[in-house]
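Close look at the chain arrangement
Single-letter residue listing:
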Amino acid sequence: MKLTPDILSSRMLRWSQMLNAYDFTIIHRPGKKIQNADALSRLPLETPETDIPSPPEVLFLEELYNPPVKADEISQATLRDPVLSRVLNWVLKGWPESAKECRIFYLKRHELSVHKNCLLWGNRVVIPEVLRGRVLDELHISHPGIEKMKSLARCYVWWPKIEEDIENHVNKLDILHHVLLFICGRLLQSHGQGYILILLVPSKAKCFSCL
């Protein structure tokens, strides 16, 4: 009889403790002699034919109460954009054998689709160039940082070199912020009193206080 090894797994230890209460003899029985062991579980049953429902067209729906850009704006801007208008036409009517001037879109041609004259790459909306500044401002509205902005953009929007544009957008605003702080410091040194500077940007006004 084989002895219990010194080192056991937790499961084997529990089995060993439970079986120690019994006096038993283990006898091997070949599988071909155990026809009745799981006859019911192997009994074939007739399965009725069922229609497999078609997958839903809408997998995810989310509504923004005050979006930076709306679908009709994106649609109109896409039709006016010299690059996206051509890509839109190719997605609807077929791609040429090569599109060197739109290579990045050509490489993604099997993943592009159109909905109400808006280009989509997967579930991300392709933003025309004229609207990209507003989208960047919205991504940066709570100052989440470059990586958080990139992560958020990957959920909703796309355009060529979007991550590079995000980095440039944040870096420019950071430089401007440091310039304003420098101006505030010089004003305090010169006059010894507080000032409030208001910076106007395309989508909002920012106020910097120097007290």
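A quick note: this is a predicted structure, and the numbers were derived from the prediction, not measured. Counting from 1, residues in each chain are numbered in the order their sequence is written. With the structure being a predicted model, the display of local features is reserved for residues of pLDDT at least 70 and the display and counting of side-chain atom pairs for 80 or more, all residues being used for whole-chain, interface and lining totals. Neither water nor hydrogens contribute to the side-chain values; these are computed over all heavy atoms in the structure.

Quick look at the pattern of salt bridges
Put simply, the rule reads: For this analysis, a salt bridge means a side-chain nitrogen from Lys or Arg found within 4 Å of a carboxyl oxygen belonging to Asp or Glu. Buried, partly exposed and exposed residues are distinguished by accessible area as a fraction of the type maximum, computed with a 1.4 Å probe on protein chains only: under 20%, between the cut-offs, and over 50%, respectively.
Taken as a whole and judged by the stated rule, the model has 3 salt bridges. Where Glu163 meets Arg154, a salt bridge forms, and the shortest distance between an N and an O atom there is 2.9 Å. Relative accessible area serves as the criterion here: at 33%, Glu163 is assigned to the partly exposed category. Of the residues examined, Arg154 reaches a relative accessible area of 40% and is grouped as partly exposed.

Quick notes on the pairing of strand S2 (residues 118-121)
Keep this limit in mind: Strands are runs of DSSP state E lasting at least 2 residues, helices are runs of H or I lasting at least 4, and numbering of each runs from the N terminus. The pairing criterion is simple: DSSP has to find at least two bridges between the two strands.
Burial along S2 is two-sided: Cys118 and Leu120 facing one way and Leu119 and Trp121 facing the other are all buried. Taken together, strand S1 (residues 112-115) and the strand that follows it, S2, pair antiparallel across an intervening segment of 2 residues, in which Lys116 is found at a positive phi of about 55°. Taken together, the 2 bridges between S2 and strand S3 (residues 124-126) define a ladder with antiparallel strand orientation. Pairing of Trp121 across the sheet is with Arg124, part of S3. Turn length for the S2-S3 hairpin, with the two strands adjacent in sequence and antiparallel, is 2 residues, and the turn residue Gly122 shows positive phi of about 65°.

Examining the packing of aromatic side chains
Rules: Centres within 6.5 Å are what make two rings of Phe, Tyr or Trp a pair, Trp counting through its six-membered ring; a difference in plane orientation under 30 degrees is then read as stacked, over 60 as edge-to-face, and the rest as tilted.
This structure, assessed with the given rule, holds 4 aromatic pairs. Between Trp90 and Trp95, the ring centres sit 5.4 Å apart and the planes meet at 45°, which makes this aromatic pair tilted. Trp90 gets classed as buried once you look at its relative accessible area, which sits at 12%. Under the relative-accessibility criterion, Trp95 is labelled partly exposed at 22%.

Overview of the environment of Leu152
With respect to the element layout, Leu152 can be found in helix H6 (residues 146-156). Take Leu152: its relative accessible area is 38%, and that puts it in the partly exposed class. Considering only alpha carbons, one finds Leu152 and Leu139, 13 residues apart in sequence, at a separation of 7.4 Å.

Topic: the sheet that holds S1
Hydrogen bonding along the main chain pairs the strands of a sheet, whether they run parallel or antiparallel. Heads up, the condition is: By the convention used here, residues are in contact when the closest approach between their heavy atoms is within 4.5 Å. Simply put, an axis is a line fit to the C-alpha atoms, just over the touching stretch for a helix, and the angle between two N-to-C directions goes from 0 to 180 degrees.
Pairing is mixed across the open sheet formed by 4 strands, whose spatial order is S1-S2-S3-S4. Two strands close off the open sheet at either side, each with one partner strand: S1 and strand S4 (157-158). In this sheet, S4 lies alongside S3 in parallel orientation, the contact comprising 2 bridges. Bridge pairing links Val126 to Trp158 in S4. Strands S1, S2 and S3 of the sheet are contacted by helix H3 (residues 84-93), whose axis makes an angle of about 95° with S1.

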